[in-house]
Amino acid sequence: MKILTIILKVLVFVCLASFIFLPILVLGFLGFTQDWTQIFNPSFTVEWFLSVPQIFSKAILYSLILAFITMCLTLVVSSLVAYLILREKITRFSGVIDVLIMLPLTIPQIVLGLAFMITFNQPPLRLYGTFGILILGHFVVTMPYAFRNIRSTMENFDFSILEAAICLGASEPIALRRVILPAIAPSLLASSLFSFVFSLANFPMTYIIAPAGIRTIPLVLFGYIESEIGGANYRLAGCLSLYLIGLVILLSMVVRKLTGRNFVE
Amino acid sequence: MIELLTVEGLSKSFGTVQALKDISFSVAKGELFSVLGPSGCGKTTLLRCIAGLETPGNGRIVVNGENITMLPPNKRDNGFVFQNYALFPTMTVAQNIAFGLELRKIPRAEILNRVSDILEMVGLSGYESRKPNQLSGGQQQRVALARAMVIRPSIMLFDEPLSNLDAKLRVEMRSEIRNIFSGSGISSIYVTHDQEEAFALSNKVMLLKDGIIQQIGSPQELYFSPLTSFIASFIGGSNILEGKLQNSQGQFVTLEVYNKVITLCNRHFKKLKHKVKFSIHPEQLTLNSKDSSNCLEGIVRDIEVIGSVARLFVKLQDREIIVKNQITKEEGIKRLPRVKEKVRIGFNPEEAVILED
């Protein structure tokens, strides 16, 4: 029985490794080769890896700015929701708010993107073709993840510390600033970082609503796929992907440090 | 006795549930006053109304002559100790304790002094830089106590502070609280469901049930002179027996209980009905004794021996009573009756208490 378990474990590992890690390894590996056709006789170079920031500077900048703005928006809204939950002002409506915020999760992003494209094409909401629609779209699809995180933190939060501060003589603003905020700040920050990462890596929504001239990293990578294999410099694509993956891993480590929880939880 | 706090006609409802019904009592200066009762009796609601964390529907709360019923909690002079400690997680022990003093704009030097003094008082000197998550339950509770005490409030409010601690720690902390507060001049209102705790700590106990006051008195009064069968059984697990009234002359009452004649002492000259209920504590009952004036017969159903205390569950026709015996030597266990054995239960007329319900 024990041998069977071991065989099963090895099998599962091999399957997961080959379907998940292998393609990424190959892509990354490619980024460091000199000659694309000599895949099994590679000679390594970091030429492509180092040239990524310069070649894709615009895309990287757009992605980072967009992600940052989305992060700020989600931070503000998350804090507001957290405050309302704290003051129990919305417990009667919390079911409604919950559904509203989580709704975008249930709708496929492509459909959502299409809906955005149509809705924001007419005055007075003529946002289509501007950076604004991109920000709005990113906010809508990343907010559910941030909110879910905040909600679970607030549910497990012991609010008697707020009462303790008040009984000791603190007014509400002082109690919030000195006692509650430091306690939930890591969680707020972590959920905003969620939005940052989701915004960076977002594709379906971005592809549909991005205005002409604005291309984020995922859009650039998609461009490589559309052209023929071998015709474009896949090494650059590989390196760019590595940058993206590296950034995501870095940020998830920060999140872990802040909340002691995994990125996927 | 100077009345520090007076509660008059306090009522509070949550929706259709009435948590408190017309509660009135006073706490004297320096008194340790316990509010005792089973879960859901309204004791925590009462404490929170006094603290200002809940607003009563009716009634007044007067402290030092001032009506504070509508005063917000941060303007009242209370020290609140929470059941789950409620320490500020991102602050150190010293910062937690200093919090209330900083709000009162007390100079830095004095804050440092008072913090170290109070830490010494609760036995946590040297723990200033620890964070709450580095402390054990008992230590956290001491910090919570220190934090509430250091602001020198006129009233301390305790919300079942020891319930989350293990039994041994509870007894230790109980003793420490008693040492700190008796004779200190600070009035305390202590909420608990643990009868032993209330009795060990307080000068006066108020028993609540379903939001209504059952009895207020010293621990001895509640133990030896309970008014109703609920009070008698809640306090000390008293046995409740019933009998048919035969004769009543002055203080002496004779009843027929399970076909036997029982004599009781009607100390408070209570009005008697045809059926009289009375209570007797398990330790006031004797087994197979030859010289008890009152005697009942029963069969032992079960025996429980915990350390030096033997509890016998004796069946008397339609109900079961508990007899408690103290055993000082191991041989004492051998002299106990066996299960299914017939026993004679005896008690003195003066020790039984006639109940009002």
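Residues numbered from 1 in each chain as written. Chains lettered and ligands numbered in written order. Predicted model: local features only at pLDDT ≥ 70, side-chain atom pairs only at ≥ 80, totals over all residues. Heavy atoms only, no water.

Peer 1: Go over the overall build of chain B with me, naming the residues and quoting the values.
Peer 2: In terms of regular secondary structure, chain B is built from nine helices and 20 strands. In terms of overall dimensions, chain B has C-alpha extents of about 75 × 50 × 40 Å along its principal axes. Here chain B holds 357 residues, and the buried ones make up 51% of them. For chain B, the proportion of contacts with a sequence separation of at least 24, taken over those separated by at least 6, is 67%. Split by element, the accessible area of chain B, about 16700 Å² in all, is 49% carbon and sulfur. Positive and negative charge centroids in chain B, built from 44 and 38 side chains respectively, lie 2 Å apart. (Helix = DSSP H or I, 4+ residues; strand = E, 2+ residues; numbered from the N terminus. Buried < 20%, exposed > 50% of the residue type's maximum accessible area, 1.4 Å probe, protein only. Contact = heavy atoms within 4.5 Å. Areas by Shrake-Rupley, 256 points an atom, 1.4 Å probe, with all protein chains shown as cover. Lys, Arg positive; Asp, Glu negative; His and termini not counted. Charge placed at Lys NZ, Arg CZ, Asp CG, Glu CD.)

Peer 1: So what about the interface of chain A and chain B? Which residues, and what values?
Peer 2: On the chain B side, the residues contacting the 17 residues of chain A number 21 residues. Buried area between chain A and chain B, summed over both chains or domains, comes out near 1700 Å², and the portion from carbon and sulfur atoms is 66%. Broken down residue by residue, the surface that chain A buries against chain B is led by A:C167, A:L168 and A:R178, which jointly contribute 41%. Applying the counting rule to chain A against chain B returns two salt bridges. The residue A:E163 makes a salt bridge to B:R48 at a minimum N-O spacing of 2.6 Å. (Buried area = accessible area lost by both parts, 1.4 Å probe. Salt bridge = Lys/Arg side-chain N within 4 Å of Asp/Glu carboxyl O.)

Peer 1: How would you explain the sheet that holds strand 11 (residues 239–249) of chain B if you had to name every residue and give the values?
Peer 2: Residue and element names in this part refer to chain B. Taken in spatial order, the five strands line up as 13-12-11-14-20 in an open sheet, and their pairing is antiparallel. Whereas interior strands pair on both sides, the edge strands pair on one side only; in this sheet they are strand 13 (260–265) and strand 20 (353–354). In this structure, strand 11 lies alongside strand 12 (residues 252–257), joined through five bridges in antiparallel fashion. When the sheet's bridge partners are listed, N247 is paired in strand 12 with T254. (Pairing = 2+ DSSP bridges.)

Peer 1: So, the sheet that holds strand 15 (residues 286–287) of chain B: which residues are in play, and what are the values?
Peer 2: In sheet architecture, strand pairing relies on hydrogen bonds along the backbone and comes in two forms, parallel and antiparallel. All names here are of chain B. Taking strand neighbours across the sheet as the criterion, the five strands line up as 15-19-16-17-18 in an open arrangement whose pairing is antiparallel. Looking at which strands have only one partner, the edges of the open sheet turn out to be strand 15 and strand 18 (319–326). In terms of strand pairing, strand 17 (residues 309–316) meets strand 18 through eight bridges, oriented antiparallel. Within strand 18, the position partnered with A310 by the bridge is N325.

Peer 1: Account for helix 7 (residues 160–167) of chain A, with residues named and values stated.
Peer 2: By the criterion of burial, helix 7 of chain A is predominantly enclosed, with seven of the eight residues buried. Inspection of helix 7 of chain A places A:S160, A:I161, A:L162, A:A164, A:A165, A:I166 and A:C167 among the buried residues, and these make up the whole buried set. Elements in contact with the buried residues of helix 7 of chain A: helix 3 (57–86) and helix 8 (172–201) of chain A together with strand 6 (78–81), helix 2 (93–103) and helix 4 (137–149) of chain B.

Peer 1: Could you give me a rundown of the side chain of A:S192, with the residues and numbers involved?
Peer 2: Relative to the elements of secondary structure, A:S192 occurs in helix 8. Filtering out sequence-adjacent residues up to four positions away, A:S192 remains in contact with A:M71, A:T74 and A:L75.

Peer 1: So, the pattern of salt bridges: which residues are in play, and what are the values?
Peer 2: Side-chain pairs of opposite charge can arise where the charged atoms are in close proximity. Residue and element names in this part refer to chain B. Overall, the coordinates contain 17 salt bridges over all chains when judged by the stated rule. In this structure, the salt-bridge partner of E102 is R108, at a minimum N-O distance of 3.4 Å. Of the charged contacts, one joins R301 and E320 as a salt bridge, the two residues approaching to 2.3 Å between their closest N and O atoms. Here the residue R301 occupies a position in strand 16 (residues 294–306), and E320 occupies one in strand 18, the gap between them amounting to 19 residues.

Peer 1: If you had to explain unusual backbone geometry to someone new, which residues and values would you point to?
Peer 2: Residues and elements named next belong to chain B. Backbone geometry at Y85 places phi at a positive 70°, although glycine is not the residue there. Among the secondary structure elements, Y85 is positioned in the loop between strand 6 and helix 2. The phi dihedral of N259 is positive, around 65°, even though this residue is not glycine. Note on placement: N259 falls in the loop between strand 12 and strand 13. Taking relative accessible area as the criterion, N259 reaches 65% and is therefore assigned exposed.

Peer 1: So what's going on with the confidence of the model for chain B? Which residues, and what values?
Peer 2: This prediction gives chain B a mean pLDDT of 90; 99% of its residues lie at or above 70. Model confidence for the complex: the whole-complex pTM is 0.80, and ipTM, which rates the interface, is 0.84. (pLDDT = per-residue confidence, 0-100.)

Peer 1: Give me the nonpolar core: which residues, what numbers.
Peer 2: Residues and elements named next belong to chain B. Counting 87 residues, the largest nonpolar core has L5, F25, L46, L145 and I189 as the members making the most contacts within it. The dominant element in this core, judged by the number of residues it contributes, is helix 2, at seven residues. With residues up to four places along the chain from it excluded, the contact list for L145 reads V81, V122, M156, F158, I177, I180 and F181. With 27 residues, the next largest nonpolar core counts V253, V276, V314 and V323 among its residues. (Core = buried A, V, L, I, M, F, W, Y, C linked by side-chain atoms within 4.5 Å.)

Peer 1: Run through the pairing of strand 7 (residues 155–159) of chain B, naming residues and quoting values.
Peer 2: Residues and elements named next belong to chain B. With five of five residues buried, strand 7 is to be regarded as a mostly interior element. Burial of the side chains of strand 7 extends over both faces: I155, L157 and D159 are buried on one face and M156 and F158 on the other. Judged from the four bridges that link them, strand 6 and strand 7 form a sheet pairing that is parallel. Looking across to strand 7, one finds that G79 is bridged to M156. Of the strand pairs in this sheet, strand 7 and strand 8 (residues 187–192) are connected by five bridges, and their pairing is parallel.

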